Amino acid sequence: MPENKITALIGPSGCGKSTFLKTLNRMNDLIEGVRVKGKVLLDGVDIYDSNIDVVNLRKTVGMVFQRPNPFPMSVYDNVAYGPRIHGITNKQKLNEIVERSLRDAVLWDEVQDRLHQSALGLSGGQQQRLCIARLLAVEPEVVLMDEPTSALDPISTLKIEELIRELKKKYTIIIVTHNMQQAARVSDITAFFLNGELVEWGDTDTIFTNPKDKRTEDYVTGKFG
């Protein structure tokens, strides 16, 4: 998955997209009885090596979930949470991180006057951008997104898609989506999963206009799914 590109994982429900995504920051470690085979290389290092610090890994490879999940605290404290956990206590430094992260998540102008109000008072789309800002505050390299707009209205979805395209200038993004139009709009590369198998992957235009596998063609043309 190339740096500073958006890779979309598509396929019908239950095909393994989210399970695969969670192997990329070892979220699957939290599932009892999980078994992982093979290697996942990040900057040439296998993240499943026994020497890997999983906390640091999840700082480097952050994740945004399907439903917005802000902490029940202020907007400011949501964004400052990660930096504080990693030892940053200087007020000025935290202020800079919070403003930068909210600006990067295209949320600053909407919340700058309510930083110390509860994040739970924001709209769904704002909450999801806040969760993205919270992630950006710890300066990840890779951003994983598991259907980040499926719980949002069309206008909020458009804002998140615009944000995703902007974020790839700084981050490598991998997004799971049920929405094929979304994959076609935002991604550079698309991977098609079916029944736990990676059927085909390539640049997005090719996958949608000239796929090599008949199963991919049937899915992207709406014959099933």
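Everything that follows concerns the structure shown earlier in this document.
Residues numbered from 1 in each chain as written. Predicted model: local features only at pLDDT ≥ 70, side-chain atom pairs only at ≥ 80, totals over all residues. Heavy atoms only, no water.

Trainee: Would you take a moment to explain the nonpolar core for this structure?
Mentor: Soluble globular proteins: nonpolar side chains tend toward being buried together. If you look at the biggest cluster of nonpolar residues, it comprises 43 residues, and the most contacted ones within it are V75, L102, L130, I132, M145, L167 and I173. At 5 residues, helix α6 (residues 124–136) tops the list of elements feeding residues into this core. The contacts of I173, once residues within four sequence positions are left out, are K5, I6, T7, V143, M145, I164, L167 and K168. (Core = buried A, V, L, I, M, F, W, Y, C linked by side-chain atoms within 4.5 Å. Buried < 20%, exposed > 50% of the residue type's maximum accessible area, 1.4 Å probe, protein only. Helix = DSSP H or I, 4+ residues; strand = E, 2+ residues; numbered from the N terminus. Contact = heavy atoms within 4.5 Å.)

Trainee: How do you make sense of the pairing of strand β6 (residues 172–176) when you look at a structure like this?
Mentor: Remember that side chains alternate between the two faces of the sheet whenever the strand is regular. For β6, a buried count of 5 out of 5 residues is recorded, marking the element as mostly surrounded by other parts of the structure. Of the two faces of β6, the one holding T172, I174 and V176 and the one holding I173 and I175 are both buried throughout. Relative to β6, strand β5 (residues 142–146) is paired through 5 bridges, and the arrangement is parallel. Looking at β6, one finds that D146 is bridged to V176. For the crossover that starts at β5, traverses helix α7 (residues 154–167) and ends in the parallel β6, the hand is right-handed. (Pairing = 2+ DSSP bridges. Right-handed = clockwise from strand over helix to strand, strands pointing away.)

Trainee: Explanation requested: the packing of aromatic side chains in the structure shown.
Mentor: Any two aromatic rings considered together are summarised by their centre-to-centre distance and by the angle between their planes. In total, this model carries 4 aromatic pairs according to the counting rule given. Ring plane angle 40 degrees and centroid distance 5.4 Å describe the contact between F20 and F193, whose orientation is recorded as tilted. Taken as a pair, F20 in helix α1 (residues 17–23) and F193 in strand β7 (residues 189–194) lie far apart in primary sequence, 173 residues in all. Among the residues examined, F20 registers a relative accessible area of 29% and is labelled partly exposed. According to the relative accessible area criterion, F193 is buried, its value standing at 6%. Lying across the ring of F71, R134 places its NZ or CZ 4.0 Å from the centre. (Phe/Tyr/Trp six-rings, centres within 6.5 Å; stacked < 30°, edge-to-face > 60°. Lys NZ or Arg CZ within 6 Å of the ring centre and 35° of its normal.)

Trainee: Please clarify how the environment of L135 should be interpreted in this entry.
Mentor: Note that L135 resides in helix α6. Judged by its relative accessible area of 9%, L135 is buried. Separated by 16 residues in sequence, L135 and A151 have C-alpha atoms that sit 19 Å apart. The residues touching L135, leaving out its near neighbours within four places in the chain, are G62, M63, V64, P140 and V143.

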